[in-house]
Amino acid sequence: MESFKYLIWVGFFAAIWIVFLILRPDLRKQSVIVGLFVAILTPLVEWWHLLDYWNPTFIFEFRLLELRIGVEELFLGFFIGAISSIGYDVIFRKSPEHKFQNHKPLSFAFPILIFSILYGIGAGLVVFTGMNSIYASFIAFAVAIAGLSFLRKDLIWSGFLSGIIFSLVLFLSYILWLEVLFPGTIKEWWYLGNLSGLFALGIPIEEIIWGFLWGWVAGMLYEAWKGLEFVERKKM
């Protein structure tokens, strides 16, 4: 069981995603697009987290140049992206539509541009200031939230609620995975000496903040990119 810890965690997110799609099959395309985008980019982000934030054990692992890549983390990246992009829609019964034509779709390169800016900020802080990668990601996400909010003020509240929803999903996954099934994993995998030392029910507070900020970004990104607006979903 110990060697399957990461895979079991991935399974938790897979189950949440399946439930979301059963409830809202109309959101499948959005969740898959965002999920694939995040999965592809996950190894580029994880290389710095693996250096100073945590060091999980993978069952299926390979190396691409200097990147240590676990197959499990690719699946986790997919499910994290997929869930965080539609959590608000599912919970609050909203549908993203081109209803009022107030906003135009942006270039296909828009998500790539956003990621490039975030990656540049995060990597720059890590390399040139020595900042821990998790705190660098907080700053990068905050910049993304500010930029997306400037472009689409109407998405600020939905993004904020998306952040809360995803941070709760992430927190619940940690409680079930680390505190119930595999206690002691936090001390084993996380570089706790590099962190604040603050915990919520045994979970590093950094994880909750990361989930909230990422969820806020993901809750705005697709709608801003496609020029969509949230409307109440029609009752069937």
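Structure: see above.
Now for a look at the structure at hand. Predicted model only: the values in this text are computed from it and were never measured.

Thoughts on the packing of aromatic side chains
Following the criterion strictly, the structure yields 28 aromatic pairs and no others. Ring geometry for W17 and F79: centres 5.7 Å apart, planes at 55°, overall tilted. Of the two residues, W17 is situated in helix α1 (residues 5–23) and F79 in helix α3 (residues 71–91); the sequence distance between them amounts to 62 residues. Judged by its relative accessible area of 15%, W17 falls in the buried class.

Some thoughts on the packing of α1 against α3
A pair of packed helices is characterised by two quantities: the angle between their axes and the separation of those axes. Two numbers describe how α1 lies on α3: the axes approach to 9 Å, and their chain directions differ by 30°. α1 and α3 meet at a crossing whose hand is left-handed. Taken together, the residues of α3 that come into contact with α1 (itself represented by Y6, L7, W9, V10, F13, A14, I16, W17, F20, L21 and L23) are E72, E73, F75, L76, F78, F79, I80, A82, I83, I86, G87 and V90. Class assignment of the residues belonging to the contact of α1 with α3 gives a composition of 20 nonpolar, one polar and two charged.

Some words on the side chain of T42
Mapped onto the elements, T42 comes out in helix α2 (residues 28–52). Take T42: its relative accessible area is 11%, and that puts it in the buried class. In this structure T42 touches E73 and G77, once residues within four positions along its chain are discounted.

Things to note about the side chain of R24
Considering the arrangement of structural elements, one finds R24 in the loop between α1 and α2. Since its relative accessible area comes to 3%, R24 is described here as buried. A polar side-chain atom of R24 sits 2.9 Å from the main-chain carbonyl oxygen of D89. Separated by 3.0 Å, the side chain of R24 and the backbone oxygen of K94 make a polar contact.

What counts as what
Residues numbered from 1 in each chain as written. Predicted model: local features only at pLDDT ≥ 70, side-chain atom pairs only at ≥ 80, totals over all residues. Heavy atoms only, no water. Phe/Tyr/Trp six-rings, centres within 6.5 Å; stacked < 30°, edge-to-face > 60°. Helix = DSSP H or I, 4+ residues; strand = E, 2+ residues; numbered from the N terminus. Buried < 20%, exposed > 50% of the residue type's maximum accessible area, 1.4 Å probe, protein only. Axes fitted to C-alpha atoms, helices over the stretch in contact; angles between N-to-C directions. Left-handed = near helix turned anticlockwise from the far one by under 90°. Contact = heavy atoms within 4.5 Å. Nonpolar A, V, L, I, M, F, W, Y, C, P; charged D, E, K, R; others polar. Polar contact = N/O pair within 3.5 Å; in protein donor to acceptor, adjacent residues only side chain to side chain.

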